[in-house]
Amino acid sequence: MITWSATYVKNKNISSLLSDPFVSWFVERLHTGGNEKKSLWLGVWCIVGMCVSCAEEVKILDTEPVAAGVTDTLTLVTDLLPEVDTLPVLPCKCIYLTIDDSPLNGTKYLDSVIVAETIKANVFMVGKAIDESRKFQNYHKILQENPYIEIYNHSYSHASNRYFHFYGDPASVLDDFEMNRSKFHIEHKIARLPGRNLWLLGDRKRNCDQPAGRAAALLADEGYQIFGWDLEWRYAAEDYVPEQTIDQLVVQAEYLYTSSRTFTPDHVVLLIHDQMFARRHEQNDLGELIRKLKEKDFTFEYLTAYPVSMDERQE
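Here the structure is a predicted model, which is why all the values come from computation and not from measurement. (Residues numbered from 1 in each chain as written. Predicted model: local features only at pLDDT ≥ 70, side-chain atom pairs only at ≥ 80, totals over all residues. Heavy atoms only, no water.)

J.: With reference to specific residues and values, describe the overall build of the protein chain.
T.: What the protein chain contains, in helices and strands, is 13 helices and ten strands. In the protein chain, buried positions account for 45% of the 315 residues. Long-range contacts, defined here as pairs at least 24 residues apart, represent 77% of the contacts in the protein chain between residues at least 6 apart. (Helix = DSSP H or I, 4+ residues; strand = E, 2+ residues; numbered from the N terminus. Buried < 20%, exposed > 50% of the residue type's maximum accessible area, 1.4 Å probe, protein only. Contact = heavy atoms within 4.5 Å.)

J.: Can you break down unusual backbone geometry residue by residue, with the values?
T.: Glycine aside, the phi torsion of most residues is negative, and most peptide linkages are trans. Looking along the chain, the bond that leaves Ser102 and enters Pro103 is cis, with omega of 0°. Here Pro103 shows up in the loop between strand S1 (94–102) and helix H6 (107–117). Residues other than glycine seldom take positive phi values, yet Ala159 does so here, at roughly 60°. Among the structural elements, Ala159 can be located in the loop between strand S3 (149–153) and helix H9 (163–167). A residue is classified by how much of its surface remains accessible, and Ala159, at 4% relative accessible area, is buried. A positive phi angle, close to 75°, is found at Asp266, a residue other than glycine. With respect to the helices, strands and loops of the structure, Asp266 is situated in the loop between helix H12 (246–258) and strand S9 (267–273).

J.: Before we move on, can you summarise the pattern of salt bridges with the specific residues and values?
T.: A full pass over the atoms with the stated rule returns ten salt bridges. Sharing partners across several salt bridges, the network here consists of Glu117, Arg291 and Lys294. (Salt bridge = Lys/Arg side-chain N within 4 Å of Asp/Glu carboxyl O.)

J.: Explain the packing of H6 against helix H13 (residues 286–295) to me, and be specific about the residues and the numbers.
T.: The interhelical angle for the contact between H6 and H13, taken along N-to-C directions, is 35°, at an axis separation of 9 Å. Considering only the axes of H6 and H13, their crossing is right-handed. The segment H6 lies against H13, with Tyr109, Leu110, Val113 and Glu117 engaging Leu286, Gly287, Ile290, Arg291 and Lys294. (Axes fitted to C-alpha atoms, helices over the stretch in contact; angles between N-to-C directions. Left-handed = near helix turned anticlockwise from the far one by under 90°.)

J.: Tell me about the side chain of Asp230, and name the residues and values.
T.: Here Asp230 lies in the loop between strand S7 (225–226) and strand S8 (231–232). There is a polar contact of 2.8 Å between the side chain of Asp230 and the backbone nitrogen of Val269. In this structure Asp230 touches Trp199, Arg206, Leu256, Thr262, Phe263, His267, Val268 and Val269, once residues within four positions along its chain are discounted. (Polar contact = N/O pair within 3.5 Å; in protein donor to acceptor, adjacent residues only side chain to side chain.)

J.: Can you explain the packing of aromatic side chains? Please cite residues and give values.
T.: Under the definition given, this model contains twelve aromatic pairs. When the centroid spacing of 5.7 Å and the interplanar angle of 25° are considered together, the rings of Tyr109 and Phe277 count as stacked. With Tyr109 in helix H6 and Phe277 in the loop between S9 and H13, this pair connects stretches of sequence that are 168 residues apart. Residue Phe277 is classed as buried on the basis of its relative accessible area, which comes to 0%. With centroids separated by 6.0 Å and ring planes inclined at 35°, the aromatic side chains of Trp199 and Tyr306 adopt a geometry described as tilted. One end of the pair, Trp199, is in strand S5 (residues 199–201); the other, Tyr306, is in the segment after strand S10 (299–300), with 107 residues separating them in the sequence. Grouping residues by exposure puts Trp199 and Tyr306 together as buried. Among the aromatic residues, those joined into a cluster by ring pairs are Tyr96, Trp199, Phe227, Phe263 and Tyr306. The side chain of Lys93 reaches across the aromatic face of Phe298, ending 4.6 Å from its centre. (Phe/Tyr/Trp six-rings, centres within 6.5 Å; stacked < 30°, edge-to-face > 60°. Lys NZ or Arg CZ within 6 Å of the ring centre and 35° of its normal.)

J.: Help me get a handle on the nonpolar core, residues and values and all.
T.: Membership of the largest hydrophobic core comes to 37 residues, with the highest contact counts inside it found for Trp233, Leu270, Ile272, Leu286, Leu289 and Leu293. Top contributing element to this core by residue count: H12, with six residues. Setting aside its immediate chain neighbours within four residues, Leu293 contacts Ile95, Val250, Ala253, Leu270, Phe298 and Phe300. Among the nonpolar cores identified, the runner-up in size contains 17 residues, and Ala191, Leu198, Ala216 and Leu219 belong to it. (Core = buried A, V, L, I, M, F, W, Y, C linked by side-chain atoms within 4.5 Å.)

This is the structure we're talking about:
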């Protein structure tokens, strides 16, 4: 392209450049679209730049005025180019796979699927299990070493599954989260409250008018972002069989996205639980779920990329 451009600048005038079949091909391809549109745009702007260079060269080298037809021809060509504002903006169809209560008995399976599918995944970790089990200490290391996983805070104790009592003392909730963060070196101040689908991201919030909301406010004052979820893959605790089939879950995710019934439009936060995968069978094949979501053009992302404000969601 550089050699071709230099030859034209040296040997051609503007009229011959604009009538060249190569230039016409660029214009035609821009109107037909296609995956190469970004590359075509780069080429077109190179051509426009060459036109300007040619025009400058004529002004400098020629004492004769540039023919009026040249300017008219240039205007006609640029009129053929679509306005930048009219170019299609691809929607951000983001899904966030969030895994609660890790590390537990499903951790090794989850780790292997995430690596095999090379997707970004978000793990909300409970530290008490690590302290109480050598196996879960090893699983914690597996999570830390997985390059596709980001680890966030799900409290140290998981409220000991006594949620009413836990949220009755907001200060102790903050202490519980801070203990988990400092003891296990959790880098990101992203949290999910145990047993509560509550959101608090800057000025945006949901389900905060409950006792857990006071604890969430204290965490937010300490710089935490509190995430709930838009969709949960529910399961029966006695046999680990999910309530929704994989296809049903994909349909639900697609519906939430298209209807904008998520906390943030165009962004779907999916909750699954580590323990659900303690026993594997075809009903809870996470790999199949991921592949089917990809077929629907969902992009897996980290919660660190989630738009905190509505102004950020198109960036």
